[in-house]
There are 4 protein chains.
Amino acid sequence: PRIAVVGAGQVGSTLAYACQIRGTANTVALFDTDAAKLRAQVLDLRHGGMFAPTVEVVGSDDVGICAGADVVVITAGARQRAGESRMALAGRNVRLCRALVPELCALAPEAVFLVVTNPVDVVTQAVLEVSGLPAHRVLGSGTVLDSSRLRALIAARAGVGVAGVCAYIVGEHGDTAVPLWSQAFIGSVPVLDWVVDGRQVFDEPARREIEDSVVGAAYEVIAGKGATNYAVGLAVTHVLEAILGDQRLILPVSAYVADFHGIGGVCLSLPRIVDRSGAGALEPTVPGTAELAGLRRCAHVIAKACRESGVDVCG
Amino acid sequence: PRIAVVGAGQVGSTLAYACQIRGTANTVALFDTDAAKLRAQVLDLRHGGMFAPTVEVVGSDDVGICAGADVVVITAGARQRAGESRMALAGRNVRLCRALVPELCALAPEAVFLVVTNPVDVVTQAVLEVSGLPAHRVLGSGTVLDSSRLRALIAARAGVGVAGVCAYIVGEHGDTAVPLWSQAFIGSVPVLDWVVDGRQVFDEPARREIEDSVVGAAYEVIAGKGATNYAVGLAVTHVLEAILGDQRLILPVSAYVADFHGIGGVCLSLPRIVDRSGAGALEPTVPGTAELAGLRRCAHVIAKACRESGVDVCG
Amino acid sequence: PRIAVVGAGQVGSTLAYACQIRGTANTVALFDTDAAKLRAQVLDLRHGGMFAPTVEVVGSDDVGICAGADVVVITAGARQRAGESRMALAGRNVRLCRALVPELCALAPEAVFLVVTNPVDVVTQAVLEVSGLPAHRVLGSGTVLDSSRLRALIAARAGVGVAGVCAYIVGEHGDTAVPLWSQAFIGSVPVLDWVVDGRQVFDEPARREIEDSVVGAAYEVIAGKGATNYAVGLAVTHVLEAILGDQRLILPVSAYVADFHGIGGVCLSLPRIVDRSGAGALEPTVPGTAELAGLRRCAHVIAKACRESGVDVCG
Amino acid sequence: PRIAVVGAGQVGSTLAYACQIRGTANTVALFDTDAAKLRAQVLDLRHGGMFAPTVEVVGSDDVGICAGADVVVITAGARQRAGESRMALAGRNVRLCRALVPELCALAPEAVFLVVTNPVDVVTQAVLEVSGLPAHRVLGSGTVLDSSRLRALIAARAGVGVAGVCAYIVGEHGDTAVPLWSQAFIGSVPVLDWVVDGRQVFDEPARREIEDSVVGAAYEVIAGKGATNYAVGLAVTHVLEAILGDQRLILPVSAYVADFHGIGGVCLSLPRIVDRSGAGALEPTVPGTAELAGLRRCAHVIAKACRESGVDVCG
């Protein structure tokens, strides 16, 4: 299979690197309009070919390099700066993606589109609108990374490997994101019932601390190193493997929601079955009342940002 | 790290093969008293070295090959025949393992012992007794494989990838094994609440059908091909990687239970945190009433088989 | 991608297992006319799905399961018995494959055919003839495994990892196979020039010993365990990955040779570039005189066996 | 096993990322004196833990985090700027490493030291001197990356996968590096003898073009993206796996050379057997006359830079 990555910045290139090491596809094609930067990234990736020989990395400043892709990953766009919220990027990045998508659709008519550019929910909605594709063919990385951060913190506190934790953050990939504590598990035990020596490990203060950590995580990383790239690179690779491998993984990707307990009309993140066709059926989950209220708030925030960026919202 | 595998029959050799392909350890050492068979298995494995170059497979009919192992896997023993229950093997295999363990302990004084020989709970108890090791250092593959079978069937019926299913079979690796339906999940949704088009997918008849399939699985495979080897090979490799990689995975291995809701005194399978030290803390799970009753039955069956094979049981 | 494996005996099933563990394809489909054995193998493989979740194993005693395969691997047929040469199997296995191929071609019209059934050169020639496919679309596992055995022995004697050895056995996958000593390397040093403390390590007696080991290897394994399966499973998986991943690996597969230094008209093994289209260009190697004579002998042996089995040979 | 990485800049962090994805060790410990940057890198790496669960990444601005490491990788130091040669960095980086090494030796008394900081040959020599370790315990990444670049270019021009190419650049990791064309192979064919349609593919002009590309590669990448990180991250990971896995790979690492065809007294890169003990025996290669002259030049350049940086050189 062939992956096309639009944007060879930190995120796009690191994602290509993760795909190269993991052998996610036969070919990873990078596209960026900055020819010198693009060529440097592609050379640096190709020079490691001897140590990751199953993936060919190619690149060009001509968008034609994306032709025939099975998945088009959109990472291009201005990125979050220290202290800036993701929504502040909306206008610029929506315009950029709108401009690119028609040609990408023509070049890769069978592709699933995977949006990483922030604010990811708004940009995903914009790509869905301008592409005219069926809803399942356009998805965003959503809260896959946020959920990974949540799981890492739960796992560390419980003293178990992260593979044993199932927990989702849903809604917006941003400041209103909602952790679904009522439906989080360690092994087969609800996180809320995890006790050690008779003491509840994830009590209210512990949960607040974890939530603050997750919300503050991207800000802290950006403050310290100027950008996030490693975790997002692996998170997107995970989604790509679910798609290309038709793995039917349950992932909190951003995709169009028609009606989830009365919430809908925009792209937002909920656990869904991700397969070769893209974003499949929603997990039949029933969030608690406060969690649903949080989700409704997310939908409003995303819809508002969409309207302000000139992106249509249903209903 | 170095793995020693005692017994180069179908299970021991296939397990070595899975470790070789996955790169589970630097060295896999096979020991078997049948020198011709052993040499054939080792040659066949070594001939593939070019395609799996990170693992060295060695072997001998001298038990000294096990020296210095980080984990000793015991697969030796008579195996289940078509129609025969696992418990029928107890006497012979307990005697065999008892005879081997003292020398293995001397050769690999730091090793964790992982028992695969059936009936696995009884043999694990026997190895624990004769070795005099701390309880966490002796574990059995237990119901790891049964749980994998259960998950595969749940995943297929729900139409999701098996990675999204968390479900355990506990108790005996045998006819009285207990599926913990009340604590099984697909993504973050209890299996019992998984609905499609308003219909409960895992209703009573569906669950019965799945249970029958799991219980009958080994019998059916043995009837059709004379032995099981592939799935058990991967299941044991998974446990080995949890140990050697200190992964703190939650796995239903068989290990000594002192007191779990009043049940104890023998080795049986419950979800535990498996790490470099072996079988760690139990998951703080609270089974339903019927499930507890089933577990109690398992403990009785195992204790009875232990006594009949001359293995001490506490309490 | 989808792999179809014809024949669920030891070789076909072990090959499916290696593909499952390595994640070689999205789907591995097993076909065998013995429904009970097939179902047992498929169940045993599927039960391990939790530990190798990226590959789906399916199977049927209806050949329709092979539909749409990207590669069809043929492992069906009588297998070598202790003391029997591979050529003795020719008649039976050629008839069997001839009978299967037309339907397989119809079901998987885009597939590359990879023959493992012995005598592999003769059966490959038969499949090429009856399929009417372009020559590059039909290849046999050839001497890939023999070369792996040779490399393992060279590596062990030189005290280096097998990844550092490049050496080929060519010609027939059988008793007349030819090791190309003049073109074998350890790192960048010709094997013949590898010296330790001023002494040539691979002198004439050492080479003889290694050759005898390689030729005797299959016989010894069959004598000890009744069949070879592990190494051949990995070797064929390696060829499959070269094809599906378009890796352009140089592998000594069996394929039709039109004219190699005057030798040709049959399928035999020479180092070739293996890519998505199957058996590509020959490596531009120039064997020594004795090696060429050996190759000519191989071509005669294969051509004779073809004629005796009713398979056409050119020239 | 545990890897300690000294320096959490682009190279150190990307290397940690490659190790995390590949599962190279159980623990990767990052150390850097810049606490904010360090914490950001470690958080970014840890957030991806769910997708690479077998490796734990930890970090601190206290060097004590390196305690007990099996390999200490030194990446700290000023890095090459656009247009600057690697040797210009020598003085500063030698001082930095000298200051760190005694404490690192005390914290990790059994460790192999792997130097990546440039100029790598000079810094390796300095670490060897100040540590007082046996020569095999101190090695540098040397020309492993340069050789990978050379192989990638040869493979692309020959139309084969890079796994089929064996070629080394030796001597200095810098402007005087020497490609060993006389001992480079594609499959079993000398690169110089690779013909397509009767035409030599790697004639003099082709070789010059490739050499210029290799030498200019780092400069071009640095000009385009400000640093190299991806390929060097994978190259060092490859060396780490050779060491930790005792793989006996033949790699052109930098290590002390006592006398190689009359050349010696400094650390420089030649193909060596790399195993658990570090830099093992030299491959018994015999370079051509011009190649030996080039190597001698490398030794002079390195020795001169050593002396100018106050590092002892033998003879």
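Because the structure is a prediction, the values reported are computed rather than measured. (Residues numbered from 1 in each chain as written. Chains lettered and ligands numbered in written order. Predicted model: local features only at pLDDT ≥ 70, side-chain atom pairs only at ≥ 80, totals over all residues. Heavy atoms only, no water.)

(A) Representation of the overall build of chain A. When its secondary structure is counted, chain A shows eight helices and 18 strands. Scaling as 2.2 N^0.38, a compact globule of 315 residues should have a C-alpha radius of gyration of about 20 Å, and chain A matches this with 19 Å. Seen through its principal axes, chain A has C-alpha atoms that stretch 60 × 50 × 35 Å. Summarising the internal contacts of chain A: among those between residues at least 6 apart in sequence, 70% fall at separations of at least 24. (Helix = DSSP H or I, 4+ residues; strand = E, 2+ residues; numbered from the N terminus. Rg over C-alpha atoms; globule rule 2.2 N^0.38 Å. Contact = heavy atoms within 4.5 Å.)

(B) Molecular detail of the pairing of strand E18 (residues 278-282) of chain A. All names here are of chain A. In this structure, strand E17 (residues 272-275) lies alongside E18, joined through three bridges in antiparallel fashion. Considered in E18, the bridge of Asp275 is made with Gly278. If you look at the hairpin formed by E17 and E18, you'll find two residues sitting between the two strands. (Pairing = 2+ DSSP bridges.)

(C) Structural detail: the sheet that holds strand E7 (residues 165-166) of chain A. All names here are of chain A. An order of E7-E10-E11 is seen for the three strands of this open sheet, with the pairing classed as antiparallel. With one partner strand each, in any of the chains shown, E7 and strand E11 (189-190) form the two edges of the open sheet. Direction of pairing for strand E10 (residues 185-186) relative to E11: antiparallel, over a ladder of two bridges. Within the sheet, the bridge partner assigned to Ile186 lies in E11 and is Val189.

(D) Structural view of the relation of the copies chain A and chain D. For the pair chain A and chain D, the best superposition has an RMSD of 0.0 Å and corresponds to a rotation of 180 degrees with a translation of 0.0 Å parallel to the axis. In the structure described here, the two chain copies are related by an operation that fits a two-fold rotation axis. Mapped onto chain D, 100% of the interface residues of chain A again fall at the interface, so both copies present the same surface. (Least-squares fit on C-alpha atoms with pLDDT ≥ 70 in both.)

(E) Highlighting the domain arrangement of chain A. Residues and elements named next belong to chain A. If you check the domain split of chain A, you get domain 1 (2-140) and domain 2 (144-308). Contact residues are listed per partner, giving 38 residues for domain 1 and 41 residues for domain 2. Here domain 1 packs against domain 2, burying approximately 3100 Å² in sum over the two surfaces, 67% of which is carbon and sulfur. For the domain 1 face of the interface with domain 2, the top three residues by lost area are Arg86, Asp121 and Gln125, together amounting to 19%. Connecting domain 1 to domain 2 are two salt bridges. Glu241 is the partner of Arg22 in a salt bridge, and the nearest nitrogen-oxygen pair spans 2.8 Å. Summed over the shared surface of domain 1 and domain 2, the result is ten residue pairs in polar contact (both at pLDDT 80 or more). (Domains from an automatic or database assignment. Buried area = accessible area lost by both parts, 1.4 Å probe. Salt bridge = Lys/Arg side-chain N within 4 Å of Asp/Glu carboxyl O. Polar contact = N/O pair within 3.5 Å; in protein donor to acceptor, adjacent residues only side chain to side chain.)

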